[in-house]
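What the coordinates show
Now for the letters of each chain:
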Amino acid sequence: QVQLVESGGGLVQAGGSLRLSCAASGRTFSTYTMGWFRQAPGKEREFVAAVTWGGRSTKYVDSVKGRFFISRDDAKNTVYLQMNSLKAEDTAVYYCAAGYRLHPVVPESHEYDAWGQGTQVTVSS
């Protein structure tokens, strides 16, 4: 099972950009579908985006389509979330998740096997 460590969170003004990274340990990273979830204060954890193992397909929640982009670099065991045109409602703790050979991409958190510790993203309006 992979272990995940997120980085790249921080404070940004509305309209700005951030890139989150999630570094994974282990030699089998390429066999995991990688996802990003987020949890705002007082709200349930919500699916944001995911990319399948092999990188052949991606999925996004409607609220981030056209603004957020997920990518992976299997040579570096890393998945990224490029977040553009950030809004105050994007403020949350962002979690990286891994699902072994998960296909197709599903937004249900219980389908993912491993989770990072989270990184805070705060968007000021």
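Structure report, in brief. The structure presented is a predicted model; accordingly, all values stated were derived computationally and were not measured.

**Describing the state of the cysteines**
Structurally, a disulfide amounts to a covalent bond that connects the sulfur atoms of two cysteines. Taken as a whole, this structure holds one disulfide when the rule is applied. Between C22 and C96 runs a disulfide, and the two sulfur atoms are separated by 2.1 Å. Across the S-S bond of C22 and C96 the torsion is about -80 degrees, and the bridge reads as left-handed. Within this pair, whereas C22 is found in strand 3 (residues 18-24), its partner C96 is found in strand 9 (residues 92-100), the two being separated by 74 residues in sequence. The same class applies to C22 and to C96, which are both buried.

**Digging into the nonpolar core**
The biggest cluster of nonpolar side chains holds 30 residues, and the ones touching the most others in it are L4, M34, W36, V79, L81, M83 and Y94. Core analysis: the second largest hydrophobic core is formed by eight residues, A50, L102, V106 and Y112 among them.

**What about the environment of A50?**
Note on placement: A50 falls in strand 5 (residues 46-51). The class for A50 is buried, based on a relative accessible area of 0%. Taking C-alpha positions, A50 is 18 Å from A75, a pair spaced 25 residues apart along the chain. Aside from chain neighbours lying at most four places away, what touches A50 is T33, M34, G35, S57, T58, K59, I70, V105 and Y112.

**A few points about the pattern of salt bridges**
Close approach of charged atoms lets side chains of opposite charge pair. Applying the stated criterion to the full structure yields five salt bridges. Residues R38 and E46 are paired through a salt bridge, measuring 2.7 Å at the closest nitrogen-oxygen approach. Taking the shortest distance from any N to any O, the salt bridge between D90 and R38 comes out at 3.0 Å. One end of the pair, D90, is in the loop between strand 8 (78-83) and strand 9; the other, R38, is in strand 4 (residues 32-39), and 52 residues separate them in sequence. Connected via shared salt-bridge partners are R38, E46, R67 and D90.

**Things to note about the side chain of R72**
With respect to the helices, strands and loops of the structure, R72 is situated in strand 7 (residues 68-73). Non-local contacts of R72, meaning those with residues more than four positions away in its chain, are made with F29, S30, Y32, T33, M34, V51, T52, W53, G54, G55, T78 and V79.

Reading the values: the criteria
- Residues numbered from 1 in each chain as written.
- Predicted model: local features only at pLDDT ≥ 70, side-chain atom pairs only at ≥ 80, totals over all residues.
- Heavy atoms only, no water.
- Disulfide = S-S within 2.5 Å.
- Helix = DSSP H or I, 4+ residues; strand = E, 2+ residues; numbered from the N terminus.
- Buried < 20%, exposed > 50% of the residue type's maximum accessible area, 1.4 Å probe, protein only.
- Core = buried A, V, L, I, M, F, W, Y, C linked by side-chain atoms within 4.5 Å.
- Contact = heavy atoms within 4.5 Å.
- Salt bridge = Lys/Arg side-chain N within 4 Å of Asp/Glu carboxyl O.

Everything listed is a geometric property; what it means functionally is a separate question.
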